Amino acid sequence: MEITRETVAGVIGAIIAVLLQIAVAPAITLFEAVPNFIVAFCIVRAVATPASSGSAMPLILGLLFDLMGGGPVGAMAFVLVLVTFLASRLFMALNNDTLFMPVAIMLLCIVLVEVMYLLIVMVCGADVPMGDAFLYRTLPCMLYDCVIGLLMYPLAVHVMVDRPRVQPGTPQLR
């Protein structure tokens, strides 16, 4: 296993995301919406470093989230592995060196994570009506996670990527 800048930054980012989830997320809860720094970090990492993102980190972070939360153990791990794989492959296929594609893929995948997690929790026997759970819990959390992801993305690209992406038509310095 080769230790690269992406790997070291990914591990440090994962530790920071877990610490933020434990210490900061409960303090900035709005009504029923709790931000999910782990989901935002995993999706941002999958889009920022699609070739080397892998599935080990989403699996471990998803299991940590499941153990910290009250949902079924393994649900978030499964959803994160599946969606980060989808995000990285989708970004590698659709990358056109604009800012729109990574942001669109990131936001779409965060929405997908929250909806899939809701469906798994409902299938596992949550005693809440589906409409209420979506409206009062999933939708606000989804918006919260999207904002966090949008704030994390520029930092992740700057820190994790060895050669930052440039906009088309921009002269490159060598």
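Shown above is the structure to which this text applies.
Residues numbered from 1 in each chain as written. Predicted model: local features only at pLDDT ≥ 70, side-chain atom pairs only at ≥ 80, totals over all residues. Heavy atoms only, no water.

Draft legend 1. Summary view of the overall build of the protein. The number of helices and strands found in the protein is 6 helices and 0 strands. Going from N to C terminus, the protein has its helices and strands arranged as α-α-α-α-α-α. Long-range pairs, those at least 24 residues apart, make up 69% of the contacts in the protein with a sequence separation of at least 6. Element-wise, carbon and sulfur atoms account for 73% of the exposed surface of the protein, whose accessible area totals about 9700 Å². The average position of the 7 basic charges and that of the 10 acidic charges among the side chains of the protein differ by 15 Å. (Helix = DSSP H or I, 4+ residues; strand = E, 2+ residues; numbered from the N terminus. Contact = heavy atoms within 4.5 Å. Areas by Shrake-Rupley, 256 points an atom, 1.4 Å probe, with all protein chains shown as cover. Lys, Arg positive; Asp, Glu negative; His and termini not counted. Charge placed at Lys NZ, Arg CZ, Asp CG, Glu CD.)

Draft legend 2. Quick look at a nonpolar patch on the surface. On the surface, a cluster of nonpolar side chains totalling about 720 Å² of accessible area is made up of I22, L59, I60, L63, L64, L67, M68 and V73. Tracing the backbone through its elements, the reader meets L63 in helix 3 (residues 56–68). Accessibility expressed as a relative area gives 34% for L63, which makes it partly exposed. (Patch = residues over 30% accessible without salt bridge, like charges linked within 9 Å, V, L, I, M, F, W, Y side chains within 5 Å. Salt bridge = Lys/Arg side-chain N within 4 Å of Asp/Glu carboxyl O. Buried < 20%, exposed > 50% of the residue type's maximum accessible area, 1.4 Å probe, protein only.)

Draft legend 3. View of the packing of helix 5 (residues 100–123) against helix 6 (residues 130–160). Two numbers describe how helix 5 lies on helix 6: the axes approach to 9 Å, and their chain directions differ by 150°. When the axes of helix 5 and helix 6 are compared, the pair comes out roughly antiparallel. Taken as a pair, helix 5 and helix 6 cross one another with a handedness that is right-handed. Seen from helix 5, the contacting residues are P102, V103, M106, L107, I110, V111, E114, V115, L118, L119 and M122; seen from helix 6, they are M130, A133, F134, T138, C141, M142, D145, C146, G149, L150 and Y153. Here the residues of the contact of helix 5 with helix 6 sort into 18 nonpolar, 2 polar and 2 charged. (Axes fitted to C-alpha atoms, helices over the stretch in contact; angles between N-to-C directions. Parallel < 35°, antiparallel > 145°, perpendicular 65-115°, else oblique. Left-handed = near helix turned anticlockwise from the far one by under 90°. Nonpolar A, V, L, I, M, F, W, Y, C, P; charged D, E, K, R; others polar.)

Draft legend 4. Just the side chain of T84, in detail. With respect to the secondary-structure elements, T84 resides in helix 4 (residues 75–94). Residue classification places T84 among the buried residues on the basis of a relative accessible area of 2%.

Draft legend 5. Structural view of the environment of P26. Tracing the backbone shows P26 in the loop between helix 1 (5–23) and helix 2 (37–48). Taking C-alpha positions, P26 is 29 Å from E6, a pair spaced 20 residues apart along the chain.

Draft legend 6. Region of interest: the nonpolar core. Core analysis: the largest hydrophobic core is formed by 43 residues, its most contacted members being F41, I43, L61 and V113. Elements with a minimum of two residues in this core: helix 1, helix 2, helix 3, helix 4, helix 5 and helix 6. With 11 residues, helix 2 is the largest single contributor of residues to this core. Excluding residues within four positions of it along the chain, I43 makes contact with V83, T84, M106, C109, I110 and V113. (Core = buried A, V, L, I, M, F, W, Y, C linked by side-chain atoms within 4.5 Å.)

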